[in-house]
Amino acid sequence: MCGIIGLTCIPGSTPDRPSLMVYRGLLRLEYRGYDSAGVASVSAESSRVVVLKGRGRIAELEGKYGFSKVDGFTIVAHTRWATHGAPIDVNAHPHTDCGTKIAVVHNGIIQNYRELRRELTSRGHIFVSETDTEVVPHLVEELYGKRRDIYSAFKKAVEVLEGSYAIALISVVEPDKIFFARKDSPLIIGLGNGFNFVASDIPAFLEYSRRAVVLRDYEVGYITPVSAFIEDLRESRPVDYTHRVRFIEWSIEDASKGGYAHFMIKEILEQPRALKNTLQGIEGDDGFRKAVDLLLNANRIYVTAAGTSYHAALYYSLLMQRLAGAQVVPFIASEHYSYEGVVSEGDLLIAVSQSGETIDSLVALRAFRERGAKVIALSNVIDSAIPRESHLALYTRAGPEIGVAATKTFTTQALALAWLAVSYALAVGRLTVSEAEGIRGELRSSPRLVSEIMPLIEDRARRLSEWLSARSSAYYLSRGVGLPVAMEGALKLKEIAYVHAEAYPAGESKHGPIALVSSGFPAVFVVPVDNYLEKLLLGNVQEMKARSAVTIGVAPLGTSLEDQLDYLLPVPRAHWALTPLTHTLPLQLIAYYTAVARGFDPDKPRNLAKTVTVE
Ligand code: M6R
């Protein structure tokens, strides 16, 4: 998905050359996925904005254009992921007006761009790209012609836009300002001394600023090198944002590769620390107690999310069923309309989203709120849209996740949701105090348990991945709480190694999927620590072996299935409820090594974006 970084500064006030600071920010946006990039700059002497842009990787474009050496003290830059218009040079951002006095970068989709473009063209504006974004500079140019006030022209232009947007605009008219607007696409101000940033992601400016204000929908305004002005477009009144300035605890090391080949492997290995920090957050936060109160007072409980977060949501619903005897309806966020008809006041929705900005989850949340449901959010990003629009926000503390594939955010979500389910089961009397404390004790030891996995499996996972890298398809099978883990394993293999993988409850094989199995077909089993499930899975493993499938098991040390498995990836024994914590890392690792063996960059999977802000 697209990324934005903008900086405005007093000459001589910045720790590095301004264009270098923006360039470094641009590199930190690479992980979002992009096909082209560009930079625009302006300074007090400028009569035109300078724009450098093109298709390709940032490093290549730097070689060609010298992004990091552009002159000027007010600079915006962008990474583009094509939506409207092919990934070609002319469609890259920034886009300009006819007079090249205004430059705009934009994330999101402007839905009414065709009508706007038609109107503006009829008034003589000349468009050079196929993008929706290009209407913005032309619209501002048109309105500035009438008003002679660039901010008021910008605001007026934003008012007529329909769709989603995070916009940053610079102009020769007021060259020390970056104008911005946000709706349904993240945008954050980073505050410095003598300089200020606006960006779509905190890591983009984290090296230079740790004080941030997360903008809200319908907020517009501008930054200068020494101030920020924000107003609410709907109410036309300035916003006092001083109490919203957050100190960002993430370190720059968290957002850097730190010697690892890829962010993904670094983030896989960071899981023990991410779990430890999340535990500290849970135990020091009253939010989990408040969440249990909301759950106790709810008529119906729903849990929603997308992608990996949905797997955590599904795990939560299975856990609530088994530990607390409570029914929690899990649904994929983009399918929310199928559930809205039955939602009413008194119902509760838990929305799980690492980024807190996934539009499908946000739309589901809004639909439930409109029908009177209460909403609890679980997110990894403080102040992001989903927690902000919820009645109660809970957080994981995984730190920034740069790899597109979710890894540490999944296990920390599972930890937080397990804690919530145990607390609820205790509150409704389905677990005794000692039973609840027993599971909590194991959850507390999850950082240690997870740190024990890598030495147990690293070599085996590497060898297995070499073999897997030459396969074209795989099944991931499990039962009970192992199923969401199997689903997560299959998603990882698909999204970064481009090997087709399908997960389903192991008992379903005989109802169809086994027809596809022939000699050498990979069947990965997730075997929870559970005698009953282990017995059931034994039958399923044998079923696969009888068709000469290659059986691979992620199973607790000492599993009775050992003789039946062609490859065993052993994990420490723990309570069955911890299955996502103990069994996920091997699957992440297999996907990672397989991607590398196949020559793909696991951090930048094709066609994917880290945060999906389009429905
Ligand atoms: O930020 P969110 O948790 O809401 O994101 C949801 C999905 O887009 C995300 O988990 C996606 O499936 C990842 N590519 C998984 O690795």
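One structure accompanies this document, and this report is about it. (Residues numbered from 1 in each chain as written. Predicted model: local features only at pLDDT ≥ 70, side-chain atom pairs only at ≥ 80, totals over all residues. Heavy atoms only, no water.)

Thoughts on the site of the ligand
Then step 1. Neighbouring residues of the ligand: 13 residues in total, closest Ser309, Ser353, Ser355, Thr358 and Glu495.
Then step 2. One nitrogen or oxygen atom from the side chain of Ser355 is found 2.7 Å from an oxygen atom belonging to the ligand.
Then step 3. Interatomic distance of 2.5 Å between a side-chain N/O atom of Thr358 and an oxygen atom of the ligand.
Then step 4. Protein coverage of the free-state accessible area of the ligand, which is 410 Å², stands at 91%.
Then step 5. At the level of secondary structure, the elements contributing two or more residues to the shell around the ligand comprise α9 (307-324) and α16 (482-497).
Then step 6. It is α9 that contributes the most residues to the shell around the ligand, three residues altogether.
Then step 7. Looking at the shell around the ligand residue by residue, the classes come out as four nonpolar, seven polar and two charged. (Near = heavy atom within 4 Å. Polar contact = N/O pair within 3.5 Å; in protein donor to acceptor, adjacent residues only side chain to side chain. Areas by Shrake-Rupley, 256 points an atom, 1.4 Å probe, with all protein chains shown as cover. Helix = DSSP H or I, 4+ residues; strand = E, 2+ residues; numbered from the N terminus. Nonpolar A, V, L, I, M, F, W, Y, C, P; charged D, E, K, R; others polar.)

Notes on the environment of Asp97
Then step 1. By the secondary structure assignment, Asp97 is in the loop between β5 (95-96) and β6 (102-110).
Then step 2. Expressed as a C-alpha distance, the spacing of Asp97 and His138, which sit 41 residues apart in the sequence, is 4.7 Å.
Then step 3. Not counting residues up to four positions away in its chain, the partners in contact with Asp97 are Ile102, Pro137, His138 and Glu141. (Contact = heavy atoms within 4.5 Å.)

Focus: the side chain of Thr411
Then step 1. The residue Thr411 is located in helix α13 (residues 408-427) in this model.
Then step 2. Within the structure, Thr411 has its side chain in polar contact with the side chain of Gln271 (distance 2.7 Å).
Then step 3. With near-sequence residues (within four places) excluded, Thr411 lies in contact with Gln271, Leu275, Pro580, Leu581 and Thr584.

As for the nonpolar core
Across soluble globular proteins, nonpolar side chains show a tendency to be buried alongside one another.
Then step 1. Counting residues in each nonpolar core, the largest one holds 89 residues, and the members touching the most others are Tyr316, Leu319, Leu323, Leu420, Tyr476, Leu493 and Leu589.
Then step 2. The element that contributes the greatest number of residues to this core is α13, accounting for twelve residues.
Then step 3. Of the domains in this structure, domain 2 (262-451) and domain 3 (453-603) are the two that each give at least three residues to this core.
Then step 4. If we ignore the near neighbours within four places in the chain, the residues touching Leu493 are Leu468, Ala474, Tyr476, Tyr498, Val499, Ala501, Ala591 and Thr594.
Then step 5. Within the second largest apolar cluster, 36 residues are counted, among which are Tyr23, Val70, Phe205 and Ile402. (Core = buried A, V, L, I, M, F, W, Y, C linked by side-chain atoms within 4.5 Å. Buried < 20%, exposed > 50% of the residue type's maximum accessible area, 1.4 Å probe, protein only. Domains from an automatic or database assignment.)

Functional significance is not addressed by these values, which are geometric in nature.
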